[in-house]
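In case you want the letters, here they are:
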Amino acid sequence: MPNVVISGADRGLGLSLCREFLKRGWKVFAGKYLEDYNLLDDLRKDNSNLYIIKLDVSSADSITAFKNEVLKITDSISMLISNAALMGPVKCDLYDPPMDLEAVWASFSVNALGPVCLTESFLPLMDRDALKRLCYISSEVSSITLMKHRGDSPYPYPMSKASLNMGVRLLHNQLYPQGYTFRLFHPGWMKRRMQDGTLSESALYDPDFTGEIAARFFETPLDDELRLVMVDYNGYEWTF
C-alpha cells in the first residue's frame, strides 16, 4: 500500500486530499495544526489508514517529532504533499507603517522554509520508496510575471509563495537526478471549511472538487518529468 504525508490537513484542501487519497487506497499521515478543528478525527472514525499527528512546519522540533511518529508505523514514504500555509492576517501595508516584520517572517517560515525543511526531514524515508514524489501547493499570486497587474496585494503571502517556488526549483535541481519527481499546483480560490464541516459562501470552489483534481495530478506520471511547471485546477500551466 502506498503512503503519503500531507501537511496542513485540518481543513480545506489538506482535509480533502486526505479524504481523496484514502478513497484511492493510500495510507495517509495527516499533519494536524489547528487544535479547534476536529474534522480529521471525524474522518478517522471510518478510515483506519488515516494517522493524525501534530505538525507545525515552522518548527524543526515539531517536524522531527512528526517524522518519529511516522517511523513507528512505516520506514518508507511514497509521496509528500506540502499543503500547510499561512495567509494572514498580517499587518504589512506600505501606507500604514510600521510593517510587522515578525508576522511577515511567520509567513516565510510556514510558506517557504517549512516545506523545504519538511522535505529534508523525510528524504531518508522517501529514498526507500520507488515513487519518490514531492508535491507542493503554490498559488497564482506566486507568479512574479503576473503580479505586475496586482497593485492591491499584501506583501507576505505572495512573496512567501514566490519563495516557495524557488525552493521547489532548488529541490528539483538536486533531487531529480536521484529519481525524485515533482508537482507544483495552484488550487484556485477555494471556499473555507468551517469547524462544523460547512463551507463559506465566499470564494469559488469546493475544496473536495479541487482535491480530486489535485490527487489525480499528483498520482499521474507526466510525459516529461524533467520540466518543472506550475499547473492549476484546469490543467493550465502558469508562468512563475
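Up top is the structure these notes are about.
Attention here is on the structure that accompanies the text. (Residues numbered from 1 in each chain as written. Predicted model: local features only at pLDDT ≥ 70, side-chain atom pairs only at ≥ 80, totals over all residues. Heavy atoms only, no water.)

Turning our eyes to something else, we now look at the overall build of the protein. In terms of helices and strands, the protein carries six helices and eight strands. Across the protein, helices and strands are ordered from the amino to the carboxyl terminus as β-α-β-α-β-α-β-α-β-α-β-α-β-β. At 17 Å, the protein has a C-alpha radius of gyration in line with the 18 Å of a compact globule built from 240 residues. Taken over 240 residues, the protein has a buried fraction of 50%. Put simply, the protein shows about 11900 Å² of open surface, and 54% of that area lies on carbon and sulfur atoms. Taking the average place of the 25 positive charges on the side chains of the protein and the average place of its 31 negative ones, the gap between the two points comes to 3 Å. (Helix = DSSP H or I, 4+ residues; strand = E, 2+ residues; numbered from the N terminus. Rg over C-alpha atoms; globule rule 2.2 N^0.38 Å. Buried < 20%, exposed > 50% of the residue type's maximum accessible area, 1.4 Å probe, protein only. Areas by Shrake-Rupley, 256 points an atom, 1.4 Å probe, with all protein chains shown as cover. Lys, Arg positive; Asp, Glu negative; His and termini not counted. Charge placed at Lys NZ, Arg CZ, Asp CG, Glu CD.)

Here we take up the pairing of strand E5 (residues 133–137). The buried fraction of E5 amounts to five of the five residues, a majority that puts the element mostly inside the structure. By the alternation rule, side chains of E5 split into Arg-133, Cys-135 and Ile-137 and Leu-134 and Tyr-136, which are all buried. Here four bridges tie strand E4 (residues 79–82) to E5, and the two strands are oriented parallel to one another. Among the inter-strand pairings, Ser-82 is bridged to a residue of E5, identified as Tyr-136. Bridge count for E5 against strand E6 (residues 181–186) is five bridges, and the pairing is parallel. Each residue of the ladder has a partner; that of Cys-135, found in E6, is Arg-183. (Pairing = 2+ DSSP bridges.)

Bringing the sheet that holds E5 into the picture now. As summarised here, the arrangement of the eight strands in space is E3-E2-E1-E4-E5-E6-E7-E8, forming an open sheet in which the pairing is mixed. Edge strands, defined here as strands with exactly one partner in the open sheet, are strand E3 (50–54) and strand E8 (237–238). Judged from the two bridges that link them, strand E7 (residues 230–232) and E8 form a sheet pairing that is antiparallel. Residue pairing for E8: Val-231 is matched across the bridge by Glu-237. Taken strand by strand, helix H4 (residues 101–126) contacts strand E1 (3–6), E4 and E5, and its axis lies near 170 degrees from that of E4. Packing of helix H6 (residues 207–219) onto the sheet brings it into contact with E4, E5, E6 and E7, and relative to E6 it is tilted by some 160 degrees. (Contact = heavy atoms within 4.5 Å. Axes fitted to C-alpha atoms, helices over the stretch in contact; angles between N-to-C directions.)

Right, let's talk about the layout of surface pockets for a bit. Rolled over the atoms, a probe as big as a water molecule pinpoints where empty space is left. In this model, the largest pocket occupies a volume close to 1400 Å³. Along the walls of the largest pocket sit 44 residues, with Ala-85, Leu-86, Met-87, Tyr-157 and Arg-192 positioned nearest its centre. Secondary structure elements with two or more residues in the lining of the largest pocket: helix H1 (12–23), H4 and helix H5 (156–175). Across the lining of the largest pocket, the residue classes tally to 21 nonpolar, 14 polar and nine charged. (1 Å grid on protein atoms, 1.4 Å probe; cavity = no way out; pocket = protein on both sides within 12 Å on 5 of 7 lines; lining within 4 Å. Points joined across faces, edges and corners; volume = space filled by probe spheres on them. Nonpolar A, V, L, I, M, F, W, Y, C, P; charged D, E, K, R; others polar.)

Let us now look at a nonpolar patch on the surface. Nonpolar side chains collect at one region of the surface, where Leu-94, Tyr-95, Met-99, Leu-101, Tyr-155 and Met-159 lie side by side and expose about 680 Å² of accessible area between them. With respect to the helices and strands, Tyr-95 occurs in the loop between E4 and H4. On the basis of relative accessible area, Tyr-95 is assigned to the exposed category, the value being 74%. (Patch = residues over 30% accessible without salt bridge, like charges linked within 9 Å, V, L, I, M, F, W, Y side chains within 5 Å. Salt bridge = Lys/Arg side-chain N within 4 Å of Asp/Glu carboxyl O.)

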